[in-house]
Amino acid sequence: MIKVSVLYPKGDNTHFDIDYYCNTHMPLVQKYLGSACKSVAAEEGVDPDQPYHAMGHMYFEDVEEFQQAFGPNACLL
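If you're wondering where the values come from, they're calculated on a predicted model, not measured in any experiment. The residue count restarts for each chain, going from 1 along the sequence in the order it is written. At least 70 in pLDDT is required for a residue's local features to be given in this predicted model, at least 80 for side-chain atom pairs to be given and counted, and no such filter applies to totals for whole chains, interfaces and linings, which use all residues. Computation of side-chain values: all heavy atoms of the structure, hydrogens and water removed.

S.K.: I tried to follow the overall build of the protein chain on my own but got confused; where do I start?
M.R.: Working definition: helices are DSSP H or I runs of at least four residues, strands are E runs of at least two. Numbering for both runs from the N terminus. Broken down by element type, the protein chain carries two helices and three strands. Written out in order from the N terminus, the α and β elements of the protein chain read β-α-β-β-α. Along the longest, intermediate and shortest principal axes, the C-alpha atoms of the protein chain span 35 × 20 × 20 Å. Each accessible area is a Shrake-Rupley estimate made with a 1.4 Å probe; only the visible protein chains count as cover when residues are assessed. Within the structure as shown, the protein chain displays about 5200 Å² of accessible surface, and the carbon and sulfur contribution to it stands at 52%. Under this rule, positive means Lys or Arg and negative means Asp or Glu; His and the chain ends count for nothing. A single reference atom marks each charge: NZ on Lys, CZ on Arg, CG on Asp, CD on Glu. The centroid of the 4 positive side-chain charges in the protein chain is displaced by 6 Å from the centroid of its 11 negative side-chain charges.

S.K.: Would you take a moment to explain the pairing of strand 3 (residues 52-60) for this structure?
M.R.: As a general feature of sheets, a regular strand has side chains that alternate between the two faces. At least two DSSP bridges between two strands are needed for those strands to be called paired. Here eight bridges tie strand 1 (residues 2-9) to strand 3, and the two strands are oriented antiparallel to one another. Counterpart to Ser5 in the pairing with strand 3 is His57. Bridge analysis of strand 2 (residues 37-44) against strand 3 gives seven bridges, and the strand direction is antiparallel. Bridge pairing links Ala41 to His57 in strand 3.

S.K.: I tried to follow the side chain of His53 on my own but got confused; where do I start?
M.R.: Within the secondary structure, His53 sits in strand 3. Separated by 2.8 Å, the side chains of His53 and Thr14 make a polar contact. Once residues within four sequence positions are removed from consideration, His53 is found in contact with Tyr8, Pro9, Lys10, Thr14, His15, Phe16, Glu43, Glu44 and Gly45. Whenever a nitrogen or oxygen atom comes within 3.5 Å of another N or O atom, the pair is scored as a polar contact, on the condition that within protein one atom can donate a hydrogen and the other can accept it, and that pairs from neighbouring residues in sequence are kept only if both atoms are in side chains. Note on contacts: a residue pair qualifies if any of its non-hydrogen atoms lie within 4.5 Å across the two residues.

S.K.: Is there a simple way to explain the pattern of salt bridges in this structure?
M.R.: A side chain with one charge may pair with a side chain of the opposite charge, provided their charged atoms come close. Just to be clear on terms, a salt bridge is a Lys or Arg side-chain nitrogen sitting within 4 Å of an Asp or Glu carboxyl oxygen. Applying the stated criterion across every chain, the model contains one salt bridge. Linking Glu65 and Lys38 is a salt bridge whose minimum nitrogen-to-oxygen distance equals 3.9 Å. In this pair, Glu65 sits in helix 2 (residues 63-70) while Lys38 sits in strand 2, placing the two residues 27 residues apart along the sequence. Residue classification places Glu65 among the partly exposed positions, given a relative accessible area of 25%. Throughout, exposure labels follow a simple rule: accessible area from a 1.4 Å probe, protein chains only, divided by the maximum for the residue type, with under 20% read as buried, over 50% as exposed, and the rest as partly exposed.

Quick look at the structure:
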């Protein structure tokens, strides 16, 4: 099993909508990646001084499954 993580950095005038991310974006990611994506998870930061708003995680059986699923959909995600 592998985990692919995406980090969303904080910056001046940045905003991150965790509800949209969890309820809309992540289900779309799962739809496009299909059965190769075994599960997804999201973590939201609680410390206002940390450098990231959130992290998203996608789980795959192996690198090859990730590459086959993600490659054709990279521009959509």
